[in-house]
Amino acid sequence: MGTMDKITTRTLTFGTRTSRLARWQTAYIVRLLEQAWPNLSCKIIPIVTRGDRVIDKPLPEIGGKGLFTAELEEALREGQIDLAVHSLKDLPVENSPGLTIGAIPQRAGVQDGLVARNGHTLETLPPGSVVGTSSLRRQAQLLAVRPDLRVKSIRGNVGTRVRKALEEDYDATVLAAAGLQRLEMEDVASDWLSLDVMLPAPGQGALAVQCRADDAETLHLLEAIEDPDTRASTVAERHFLQTLGGGCSAPIAAFARPNGDGRLEMTALIAAPDGGQLIRVQGQGDDARQLGESLAQQALQQGAQGILDEVAAKSGVIQQSRPLQGLRVVVTRARPQAPELADRLRALGAEPVLVPTIRIAPVADTTELDQAINSLSDYDWVIFTSVNGVSIFWERIEALGKGKAIFEDVRVSAIGPATGQALAEAGVEPDFVPDEFVAERIAEGLGDVEGLTILLPRAELARATLADMLVEQGARVEEIATYRTLPALISEDELAQLEDVDLVTFTSSSTVRNFVDLVGGPKEVRRRVADAHVACIGPITAGTAAELEMPADIVAETYTMDGLVDAIRTYYKNG
């Protein structure tokens, strides 16, 4: 059997976000590959991203790199999947370590469409109409031509936003034509916005197929679906974005295309969110990267930096004060969760240094968990002690074809507000969340539990304190492992970043233990981060740090991410 035959009979595993559009996009790439390689076998597994979980805040508030991609990228690195399909406009410009965009197929339409009640166009919308969008790019361009409109944040998948625009507190919304076309929903658009009015986001309408950079066989397979014109056009657009230093939530737009004589032509803009200032640049070139950089430099010469600075000043945790300015702060959370803390630290002026020490993986055998889900009404309480626990529990609920209705006959508790929010986003309002976010407060706050049956889905290795206290109070407690906290796989280059850091943050005891192990033990930790301060999310984590010769200088009084950031800010502001 030759090399080519071996490649074409390979089975590829795709990871996909759970929205209808994401599933369509992944299925589309599968079809293209299977058409190109008839003997190829593909399978698809769903993965929930942070952008899908946090739906109650505008995108610019939670933005940051990897909002819709981090969990998929982690699965790629760990070998759980071979490929992930992204909307290219959602993918950070810089390739994630160890990964690459293996293919960019032919692009769909790049326009935006207006979905409005009563068939209104952008021109005929009544003054004061409320238009839903969480995109600063769309907001700025809308207000530039219709300053009388009111823009209100809107979140959700394509179908949800259409429904909200037609039935709720909105008069219209703006959606990408590509998404509407892929879902066969073009008929809901009442107006297709011209590129003169609404320039698209860099990469809009294009799909990116991401894989491991060292997976030569997969890269070879992807060559069959690559479109060179789309690749060149989107490289120019994204290099414009990269040169300006803007993220996917910045008010930046760009569109490039071949002009017929072997060159690219591109129009790009950066706009103040209120639409009061639009900087538009145009040009042609032979080299995609050079074209993007050249137009970005033109925009900067015309005042683009002022717009970017204004947008940055209005986002983040602290607006006027940057007490962490110039400090290098280590974030040890798992890769998919690290951007949340990193973005908050960056808003305070810090330079986040990502050294993930843990990774989260479902348990290999879900039989016990599935049985508990199928008989959830047999329990009196279900207690969730982490966001990870909620996420993986919910993945199994969906895999079993069930929904939030299974919680109707059982009371639910969450250890803290973040876990409670994760439940609420899934449609389950917790019956009890303690004021102090430790297990002991749950045991005290549930009331009389004698004779009650309590389900405790949790990490494979977790403190027994909560279960022991509930048993002492007369409850029957069933602990079921839903996920494992494993040591992260990090490179020497990532460890090398620890030189000259100012602060190391820990959000759990496992992040502390794995950090010390990965660095090489307490002695090596003292050598590498001798002068760094240590910040812990709570006293239990701080206790573990002390045991491992890393005494905490900062301990959050409120055991949440907000509490940790506030404690760090206060320490340096007062210091």
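Residues numbered from 1 in each chain as written. Predicted model: local features only at pLDDT ≥ 70, side-chain atom pairs only at ≥ 80, totals over all residues. Heavy atoms only, no water.

1. A word on the state of the cysteines
For the structure on display, the rule yields 0 disulfides. The thiol sulfur of Cys211 is not disulfide-bonded, and the nearest other cysteine sulfur, from Cys42, lies at 13 Å. The class of Cys211 is buried, set by a relative accessible area of 0%. (Disulfide = S-S within 2.5 Å. Buried < 20%, exposed > 50% of the residue type's maximum accessible area, 1.4 Å probe, protein only.)

2. A few points about the pattern of salt bridges
Summed over the entire model, instances satisfying the criterion amount to 20 salt bridges. The partner of Asp90 in a salt bridge is Lys89, and the shortest N-O contact between them spans 3.6 Å. With a relative accessible area of 15%, Asp90 lands in the buried category. The closest approach of N and O atoms between Arg528 and Glu524, which form a salt bridge, is 3.3 Å. Taken as a pair, Arg528 and Glu524 lie in helix H21 (residues 522-528) at a separation of 4 residues, close to a single helical turn. (Salt bridge = Lys/Arg side-chain N within 4 Å of Asp/Glu carboxyl O. Helix = DSSP H or I, 4+ residues; strand = E, 2+ residues; numbered from the N terminus.)

3. Focus on helix H22 (residues 539-547)
Those residues of H22 that fall on the buried side of the exposure criterion are Thr541, Ala542, Thr544 and Ala545. Burial along H22 is one-sided: seen end-on, the buried residues are contained in an arc of 160 degrees. Those residues of H22 that are buried lie in contact with strand E21 (503-506), helix H20 (509-519), strand E22 (533-536) and strand E23 (554-555). Once H22 finishes, Glu549 follows within two positions and takes phi at roughly 65 degrees, a positive value. (Arc of directions from axis to C-beta. Contact = heavy atoms within 4.5 Å.)

4. Structural notes on the packing of aromatic side chains
Under the definition given, this model contains 6 aromatic pairs. Ring geometry for Trp394 and Phe407: centres 5.8 Å apart, planes at 5 degrees, overall stacked. Here Trp394, found in helix H15 (residues 387-399), pairs with Phe407, found in the loop between H15 and strand E18 (411-414); they are 13 residues apart in sequence, far enough to count as distant. You can call Trp394 buried: its relative accessible area is 14%. Ring centres of Tyr571 and Tyr572 lie 5.2 Å apart, and the angle between their planes is 80 degrees; this geometry places the pair in the edge-to-face category. Put simply, the rings of Phe384, Phe393, Trp394 and Phe407 pair up and form one aromatic cluster. (Phe/Tyr/Trp six-rings, centres within 6.5 Å; stacked < 30°, edge-to-face > 60°.)

5. Some words on the sheet that holds strand E4 (residues 99-103)
The sheet built from 5 strands is open, its strands ordered E2-E1-E3-E10-E4 with mixed pairing. Of all the strands in the sheet, just strand E2 (41-46) and E4 have a single pairing partner and so form its edges. Strand after strand, the sheet turns through a mean of 35 degrees between neighbouring axes, direction not considered. (Pairing = 2+ DSSP bridges. Axes fitted to C-alpha atoms, helices over the stretch in contact; angles between N-to-C directions.)

6. Section: the nonpolar core
By size, the foremost hydrophobic cluster in this structure holds 25 residues, and its most contacted members are Ala236, Phe240, Leu244, Ile252, Met266 and Ile270. Those elements that provide at least two residues to this core are helix H10 (228-244), strand E11 (252-258), strand E12 (264-271), strand E13 (278-285), helix H11 (288-301) and helix H12 (304-313). When residues of this core are assigned to their parent elements, the largest contribution, 5 residues, is made by H11. Apart from residues lying up to four places away in sequence, Phe240 is in contact with Ile252, Ala253, Ala254, Met266, Ala268, Leu269, Val281, Gly292, Leu295, Ala296 and Ala299. Residues Leu498, Val504, Val519 and Val534 belong to the second largest nonpolar core, which totals 22 residues. (Core = buried A, V, L, I, M, F, W, Y, C linked by side-chain atoms within 4.5 Å.)

7. Here we look at helix H5 (residues 70-77)
Spacing of three or four residues puts side chains on the same side of an α-helix, whose turn is 3.6 residues. Counting buried residues along H5, 7 of its 8 residues qualify, which places the element largely inside the surrounding structure. Regarding H5, the residues found buried are Ala70, Glu71, Leu72, Glu73, Glu74, Ala75 and Leu76. Positioned one or two residues after H5, Gly79 has a phi angle of 80 degrees, which is positive.

8. Some words on the packing of H20 against H22
Between H20 and H22, whose axes approach to 8 Å, the crossing angle comes to 20 degrees. Relative to H22, H20 is oriented roughly parallel. In terms of crossing hand, the pair formed by H20 and H22 is right-handed. Here Ser509, Val512 and Arg513 of H20 come into contact with H22, specifically with Ile540, Thr541, Thr544 and Ala545. Partitioning the contact of H20 with H22 into residue classes produces 3 nonpolar, 3 polar and 1 charged. (Parallel < 35°, antiparallel > 145°, perpendicular 65-115°, else oblique. Left-handed = near helix turned anticlockwise from the far one by under 90°. Nonpolar A, V, L, I, M, F, W, Y, C, P; charged D, E, K, R; others polar.)

9. Re the packing of helix H14 (residues 367-374) against H15
Running from N to C, H14 and H15 point in directions that differ by 70 degrees, and their axes come no closer than 10 Å. With respect to H15, the axis of H14 lies roughly perpendicular. On the side of H14, the interface is formed by Leu369, Asp370 and Ile373, while H15 contributes Phe393, Arg396 and Ile397. In the contact of H14 with H15, the residues fall into 4 nonpolar, no polar and 2 charged.

10. With respect to the pairing of strand E1 (residues 11-16)
Within a regular strand, side chains alternate between the sheet's two faces. The buried count for E1 comes to 5 of 6 residues, which makes it a mostly enclosed element. For E1 and E2, the ladder comprises 6 bridges, and the chain directions are parallel. Counterpart to Gly15 in the pairing with E2 is Ile45. Assessed by its sense of winding, the connection that carries the chain from E1 through helix H2 (residues 20-36) to E2 is right-handed. (Right-handed = clockwise from strand over helix to strand, strands pointing away.)

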